[in-house]
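Notes for the structure review
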Number of protein chains: 2
Amino acid sequence: RITLLQLEQRFLCFRQLEGVWPLPQDFTSSMEQYPLNPHTFHFGYGKQSVAQRGCSVLDSAFKRYFSLVFPDYSSGSKDKPFTAEISVDHDHCDDYPNEESSERYNLSVSERKAVLNAETVWGAVRGLETFSQLVYQDDSAKFIILMYVFNTFSWGILLDTSRHFLPVQTILKTLDAMAYNKFNVFHWHIVDDPSFPYQSCTFPNLSSKGAFHPMTHIYTQSDVRRVISYARLRGIRVLPEFDSPGHTSSWGKGTSNLLTPCYRSGIPSGTFGPVNPALPSTYQFMARLFQEVSSVFPDSFIHLGGDEVDFSCWRSNPDIRTFMQKMGFGVDFAKLQAFYMESIVNITSALKKTSIVWQDVFDYHKRVMVEVWRAGCYLCEVRKVAKAGLRVILASPWYLDQPGPTHDWARYYTVWPLAFKGTDKQKKLVIGGEVCMWGEYVDATNLTPRLWPRASAAAERLWSDERRTSNVDQAFPRLQDFRCKLVRRGIQAEPLYIGHCKHEFQGV
Amino acid sequence: RITLLQLEQRFLCFRQLEGVWPLPQDFTSSMEQYPLNPHTFHFGYGKQSVAQRGCSVLDSAFKRYFSLVFPDYSSGSKDKPFTAEISVDHDHCDDYPNEESSERYNLSVSERKAVLNAETVWGAVRGLETFSQLVYQDDSAKFIILMYVFNTFSWGILLDTSRHFLPVQTILKTLDAMAYNKFNVFHWHIVDDPSFPYQSCTFPNLSSKGAFHPMTHIYTQSDVRRVISYARLRGIRVLPEFDSPGHTSSWGKGTSNLLTPCYRSGIPSGTFGPVNPALPSTYQFMARLFQEVSSVFPDSFIHLGGDEVDFSCWRSNPDIRTFMQKMGFGVDFAKLQAFYMESIVNITSALKKTSIVWQDVFDYHKRVMVEVWRAGCYLCEVRKVAKAGLRVILASPWYLDQPGPTHDWARYYTVWPLAFKGTDKQKKLVIGGEVCMWGEYVDATNLTPRLWPRASAAAERLWSDERRTSNVDQAFPRLQDFRCKLVRRGIQAEPLYIGHCKHEFQGV
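No experiment lies behind these values; they were computed from the predicted model shown. (Residues numbered from 1 in each chain as written. Chains lettered and ligands numbered in written order. Predicted model: local features only at pLDDT ≥ 70, side-chain atom pairs only at ≥ 80, totals over all residues. Heavy atoms only, no water.)

**Things to note about the overall build of chain A**
Within chain A, the regular secondary structure consists of 16 helices and 17 strands. Among the 508 residues that make up chain A, the fraction classed as buried is 60%. The long-range share in chain A, meaning contacts at least 24 apart out of those at least 6 apart in sequence, stands at 73%. Total accessible area on chain A stands at roughly 20100 Å², and carbon and sulfur atoms take up 52% of it. (Helix = DSSP H or I, 4+ residues; strand = E, 2+ residues; numbered from the N terminus. Buried < 20%, exposed > 50% of the residue type's maximum accessible area, 1.4 Å probe, protein only. Contact = heavy atoms within 4.5 Å. Areas by Shrake-Rupley, 256 points an atom, 1.4 Å probe, with all protein chains shown as cover.)

If you want it as structure tokens, here you go:
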């Protein structure tokens, strides 16, 4: 609900709102502006806050956001002190964010004080991001602050670290940018056909044989912990994907008897296909692998993949065909895939994880969340999944790995995930959207300019009220400002069109 | 001419040649490999060399290439000394490269000595680049060197610093990458409609009013000198473009009476069009501006633009129409543009500069070099220009500012600039090709991954023998290697396809 202001005030209100991206769902605003001074400013805990000094998430967020609010912290006159007081209702300081974490917050700013109230520390982190975006440096070098109240919801970004290896630093930088954009799930498509960079304790050969390089192109356990911990402090969940039975060529290098031997003219051709679903050893291997993965990745969701399984190798293999007969599948290889996925879902369910699969698997399966990725009528698919009573994540319209001119950002902005015929209950099953950055043509050299600010367009779609953010022309200058803000914070976000930022990107 | 080797040798020879991009026009090679050790290696001047210690170009090139040859300069056993001895026939150490500069060189390597002979220091710089690309580190951490003899020719890269401002550091980094790719002309499209970042001594208001910001978004005289000097040491010419009469909106902010006032319904509309060709003051202004530009930029070529002139504003203006009548042009505004360009060419000719213009102007003009940029049958246009006896530069197929998937590099590779019907003499008039990086969607955040390695595909087309470099499949692994080499040297060149480099890009 917008509090109605007089015309002149409303204009100012809109101008002020330009400063926050993605736009909050709800807010009220006044015309006041208050000066800030780095020497007399501090973040503090509210008396009624359950979390107090010592809360890892908020202590580190205060430190981070102080630098973001005062990027040029130099001298200044001794103004009256200004306190930003943060209070939360629950002490989740040592937990991980999860699917039920509230990200609501209330932020109000008055002359010498900002008050930020949230149910959880994750909501407080979102509110701090907003607070940092509200502070401007005006021409007389004083800091000015405005005021809002609101709350919201969102989803994630997929990075593919198999087609190209992304150094840990690159992942951390992406997590920074995600926090600035209020994305809250990092979907780590960590392994795939080309390489297996995850260093497993249980099966060390998977990376020592399957990574591009066994020492320099892997994620050690400590790398993974670092990513998870860095994400946690920013209120971001880490959702690991170990895609099978297809997309597993690299798995075969460090483990024997896992992949299906393909046959040509009745004899093994020497090549391998998807995971072999006919051998009991396959499921023993998967049970051990997912047991490790479940304990390394604290999130309660796990992505099992299941996409693009090529049946031709299975079809060529006489042992698979015998197994099909035995199981009564006839020649329906979709049934074989369903059997395989069912078994893997059983494994992860026993580990108390919620399984997510790509839409390919949906037809055979009813105990999973479904990610819709294929082009075409993706809303038809979303509707189908929701009608079946399953939760759904939409990725199709946000495949950003293909380079496009930045001006196509509006394509990512004008997506309406709920524009299908369905009940309110069905629409509530659409739990988020995901930006996918596949790795065929992307590595650390071009990831950031290709991802930002195009993913920011998706961020506002997923975070903000559709009715208030449907106009591309209104969004354009706000997105330009926000892109300059990203550049100022060291994110190599590419330009939208002719123009300039006060502080240009300098690192080359 | 390839020296014929036995089959086995030829295979090895090709494998060795993979190491050099763009491929030299001519070479012979042996199978020998020689160890190098940073502790016992040094560059030196040959006894017969005209240039000796104190030659700025070569002294600084030795320093640069030592680091490039030994990027991990650490300890090593005391091997026998290895000398790379450079000799040149002419002492151009304090000159600028020009259109007649020979870039030929001979490089031969034997057990303890490399001998590099060139006519000029510019050829020696090219040979040093090749030398640096021939040195490999094998698994036993010894440096290995191979041997060739050859020589060649090439052209440039256009950067647009008006639509977005590019910090000087970004330009210098691009000059580094150009030297690695043996590009030898930096076409500096320095001003245009959106901004005028060149700080003129004669007309300081042009940048103080016409730049995006009068202090932070300009090129001072010392910035320009730094770019020219940095380019010179790398054998790169700096070709400035001051495009008129169109593309001059930003010029109008800092100077009065230069642009044509547009009229609507018989009265001035308050907007301005191209430069006003009807006023004598226009030519006085241009004479003074180009006098300054001619002395600041030492190159003997100057680019005058002349593209995309919109006649509607001229047509609306009664003073222009009166001038047309007086001059006998009737209503043919192309004649007016020809008259204007003729006057500008007269000004620059008097300053002893050779003028280059975009193809739009060719039809009216016979004393210029022509740059072909329009899409469509660009070879038809090349042929037309060559038949008219004018020199021509081809840019149409190399507009790299539009983002495209990296795998479209082959589009830039399979261009045949001489595939038109014409005499040998006409074909000799095609003096080079140019990669254009326009600035609508490009600034320091995304310039490098968008430019490299796609521009490298053009580099080989322009530098190498067509008959030896027509096969995309053969070029692909070589280009992949070269792209990793660029990344290793700190150039943020994007990947061509799934895979990895030994040293990934780390800067984020």
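There's more to say after this.
**Quick look at the sheet that holds strand 4 (residues 105-110) of chain A**
Residues and elements named next belong to chain A. Within the open sheet, the four strands sit side by side as 2-3-5-4. Their pairing is mixed. One side of each edge strand has no neighbouring strand; the edge strands of this open sheet are strand 2 (41-45) and strand 4. The sheet shows a mean angle of 15 degrees between the axes of neighbouring strands, direction not considered. Where strand 3 (residues 82-88) meets strand 5 (residues 113-118), six bridges bridge the pair, whose relative direction is parallel. Note on strand 5: the bridge partner recorded for S87 is N117. (Pairing = 2+ DSSP bridges. Axes fitted to C-alpha atoms, helices over the stretch in contact; angles between N-to-C directions.)

**Overview of the environment of R374 of chain A**
Residues and elements named next belong to chain A. For R374, the position within the fold is in the loop between strand 15 (369-372) and helix 11 (378-387). Judged by relative accessible area, which is 38%, R374 ranks as partly exposed. For the pair R374 and Y399, spaced 25 residues apart in sequence, the C-alpha to C-alpha distance is 9.9 Å. Within polar-contact distance, the side chain of R374 engages the side chain of D360 at 2.9 Å. (Polar contact = N/O pair within 3.5 Å; in protein donor to acceptor, adjacent residues only side chain to side chain.)

**Quick word on helix 15 (residues 454-463) of chain A**
Residues and elements named next belong to chain A. By the criterion of burial, helix 15 is predominantly enclosed, with 10 of the 10 residues buried. Where helix 15 is concerned, the buried positions are R454, A455, S456, A457, A458, A459, E460, R461, L462 and W463. Close packing links the buried residues of helix 15 with helix 3 (121-134), strand 8 (156-160), helix 12 (409-413), strand 17 (430-437), helix 14 (447-451) and helix 16 (472-488).

**Some thoughts on the interface of chain A and chain B**
At the junction of the two partners, chain A supplies 40 residues and chain B supplies 40 residues. With both sides pooled, the region where chain A packs onto chain B buries about 3500 Å², and carbon together with sulfur makes up 61% of that total. Across the pair D443 of chain B and R483 of chain A runs a salt bridge whose closest N-O atoms are separated by 2.7 Å. If you look at where chain A meets chain B, you find 23 residue pairs in polar contact (both at pLDDT 80 or more). For the side of chain A that touches chain B, the elements supplying multiple residues, two or more each, are helix 4 (168-180), helix 14 and helix 16 of chain A. A total of three residues in the side of chain A that touches chain B trace back to one element, the largest contributor, which is helix 4 of chain A. Its residues assigned to classes, the side of chain A that touches chain B comprises 18 nonpolar, 13 polar and nine charged. (Buried area = accessible area lost by both parts, 1.4 Å probe. Salt bridge = Lys/Arg side-chain N within 4 Å of Asp/Glu carboxyl O. Nonpolar A, V, L, I, M, F, W, Y, C, P; charged D, E, K, R; others polar.)

**Remarks on the nonpolar core**
One finds L58, F242 and W452 of chain B to be the most contacted residues of the largest nonpolar core, which totals 129 residues. Shared between two domains, this core takes at least three residues from each, and those domains are domain 1 (26-145) and domain 2 (242-357) of chain B. One finds C55, F70, M341 and V372 of chain A within the second-largest nonpolar core, a separate group that totals 127 residues. (Core = buried A, V, L, I, M, F, W, Y, C linked by side-chain atoms within 4.5 Å. Domains from an automatic or database assignment.)

**Considerations on the pattern of salt bridges**
Residues and elements named next belong to chain B. The tally for this structure, following the rule as stated, stands at 36 salt bridges over all chains. The partner of R163 in a salt bridge is D160, with the nearest N and O atoms 2.8 Å apart. Given a relative accessible area of 8%, R163 falls into the buried group. The salt bridge involving R163 is made with E440; its shortest N-O contact spans 3.3 Å. Of the two residues, R163 is situated in the loop between strand 8 (156-160) and helix 4 (168-180) and E440 in the loop between strand 17 (430-437) and helix 14 (447-451); the sequence distance between them amounts to 277 residues.

**A word on the packing of helix 7 (residues 280-296) of chain B against helix 10 (residues 333-350) of chain B**
All names here are of chain B. At a minimum axis distance of 10 Å, the contact between helix 7 and helix 10 shows a crossing angle of 35 degrees. Where helix 7 crosses over helix 10, the handedness of that crossing is right-handed. Packed against helix 7, whose contacting residues are T282, Y283, M286, A287 and F290, the element helix 10 presents F339, Y340, S343, I344, I347 and T348 at the interface. (Left-handed = near helix turned anticlockwise from the far one by under 90°.)

**Some points on the packing of helix 4 of chain A against helix 6 (residues 221-233) of chain A**
Residue and element names in this part refer to chain A. Close contact between helix 4 and helix 6 brings their axes to 10 Å; oriented N to C, the two are set at 10 degrees. As far as their axial angle goes, helix 6 and helix 4 are roughly parallel. Across the interface between the two elements, V168, Q169, I171, L172, L175 and D176 of helix 4 pack against D223, R226, V227, Y230 and A231 of helix 6. Considering only residue class, the contact of helix 4 with helix 6 consists of seven nonpolar, one polar and three charged. (Parallel < 35°, antiparallel > 145°, perpendicular 65-115°, else oblique.)

**Side note on the pairing of strand 10 (residues 237-241) of chain A**
All names here are of chain A. Burial analysis of strand 10 places five of its five residues in the buried class, which makes it a mostly covered element. On strand 10, burial covers both faces: R237, L239 and E241 on one face and V238 and P240 on the other are all buried. In terms of strand pairing, strand 9 (residues 185-189) meets strand 10 through five bridges, oriented parallel. From the neighbouring strand, W188 faces strand 10, where its bridge partner is P240.

**Re unusual backbone geometry**
Residue and element names in this part refer to chain A. Here the amide bond leading from S244 into P245 is cis, since omega sits at 10 degrees, within 30 degrees of zero. You will see that E308, though not glycine, has its phi angle at about 45 degrees, which is positive. Residue E308 is classed as partly exposed on the basis of its relative accessible area of 43%. Here K352, not a glycine, exhibits a phi torsion of approximately 65 degrees, which is positive.

**Observations concerning the pairing of strand 4 (residues 105-110) of chain B**
Residues and elements named next belong to chain B. Residues Y105, L107 and V109 point to one face of strand 4 and are all buried, whereas N106, S108 and S110, pointing to the other face, are not buried. Bridge count between strand 4 and strand 5 (residues 113-118): six bridges; the pairing is antiparallel. The partner of L107 across the bridge, within strand 5, is L116. The hairpin turn running from strand 4 into strand 5, its antiparallel successor, is two residues long.

**Side note on the side chain of D176 of chain A**
Residues and elements named next belong to chain A. On the secondary structure map, D176 appears in helix 4. For D176, a relative accessible area of 13% corresponds to the buried category. Residues contacting D176, with those up to four places away along its chain left out, are Y230 and R234.

**Considering the state of the cysteines**
Such a bond, covalent and formed between the sulfur atoms of two cysteines, is termed a disulfide. Applying the stated criterion across every chain yields a total of eight disulfides over all chains. A sulfur-sulfur distance of 1.9 Å marks the disulfide that ties C55 of chain B to C93 of chain B. Here the S-S torsion is close to -100 degrees, and the disulfide linking C55 of chain B with C93 of chain B is therefore left-handed. Of this pair, C55 of chain B sits in the loop between strand 2 (41-45) and helix 2 (56-69) while C93 of chain B sits in the loop between strand 3 (82-88) and strand 4, placing them 38 residues apart in sequence. Residues C55 of chain B and C93 of chain B agree in their burial class; the two are buried. Here the bonded cysteines of chain A are numbered in sequence order, and their pairing is 1-2, 3-4, 5-6, 7-8. Of all cysteine sulfurs, the one in C377 of chain A lies closest to C436 of chain A, which takes part in no disulfide; the gap is 18 Å. (Disulfide = S-S within 2.5 Å.)

**Points about the relation of the copies chain A and chain B**
Least-squares fitting of chain A to chain B yields an RMSD of 0.0 Å, with the superposition described by an axial translation of 0.0 Å and a rotation of 180 degrees. In the structure described here, the two chain copies are related by an operation that fits a two-fold rotation axis. Within chain A, the C-alpha atom positioned nearest to the axis of rotation is that of P403 of chain A, 3.0 Å from it. Taken as a fraction of all interface residues of chain A, those also at the interface in chain B reach 100%, which identifies the copy contact as same-surface. (Least-squares fit on C-alpha atoms with pLDDT ≥ 70 in both.)

**Considering the environment of T40 of chain B**
Residues and elements named next belong to chain B. Here T40 shows up in the loop between strand 1 (34-36) and strand 2. Judged by relative accessible area, which is 12%, T40 ranks as buried. Considering only alpha carbons, one finds T40 and G422, 382 residues apart in sequence, at a separation of 53 Å.

**Remarks on the confidence of the model for chain A**
Residue and element names in this part refer to chain A. Per-residue confidence for chain A gives a mean pLDDT of 86, with 87% of residues at or over 70. Looking at the elements of chain A, mean pLDDT is at its lowest for helix 1 (residues 7-17), recorded as 34, and at its highest for helix 7 (residues 280-296), recorded as 98. Residue range residues 1-15 is modelled with pLDDT below 50. Its contacts to residues more than four positions away, or to other chains, number 15 contacts. Counting interchain partners and residues more than four positions distant, the pLDDT-below-50 stretch residues 146-152 has 38 contacts. As scored by the predictor, the complex reaches a pTM of 0.87 and an ipTM of 0.83. (pLDDT = per-residue confidence, 0-100.)

**Notes on the packing of aromatic side chains**
Taken as a whole and judged by the stated rule, the model has 56 aromatic pairs over all chains. Centroid distance W188 of chain B to Y219 of chain B: 5.1 Å. Interplanar angle 75 degrees. Geometry classified as edge-to-face. Of this pair, W188 of chain B sits in strand 9 (residues 185-189) while Y219 of chain B sits in the loop between helix 5 (205-210) and helix 6 (221-233), placing them 31 residues apart in sequence. Judged by relative accessible area, W188 of chain B falls into the buried class, the value being 0%. Residue classification places Y219 of chain B among the buried residues on the basis of a relative accessible area of 0%. On the numbers, 5.8 Å between centres and 15 degrees between planes, the contact of F311 of chain B with W314 of chain B is stacked. Classification of W314 of chain B as buried rests on a relative accessible area of 0%. One aromatic cluster is present, formed by F165, F186, W188, F196, Y198, Y219, F242, W251, F290 and F297 of chain A through successive ring pairs. Lying over the aromatic face of Y230 of chain A, R234 of chain A brings its terminal NZ or CZ to 3.6 Å of the ring centre. Lying across the ring of Y413 of chain B, R461 of chain B places its NZ or CZ 4.7 Å from the centre. (Phe/Tyr/Trp six-rings, centres within 6.5 Å; stacked < 30°, edge-to-face > 60°. Lys NZ or Arg CZ within 6 Å of the ring centre and 35° of its normal.)

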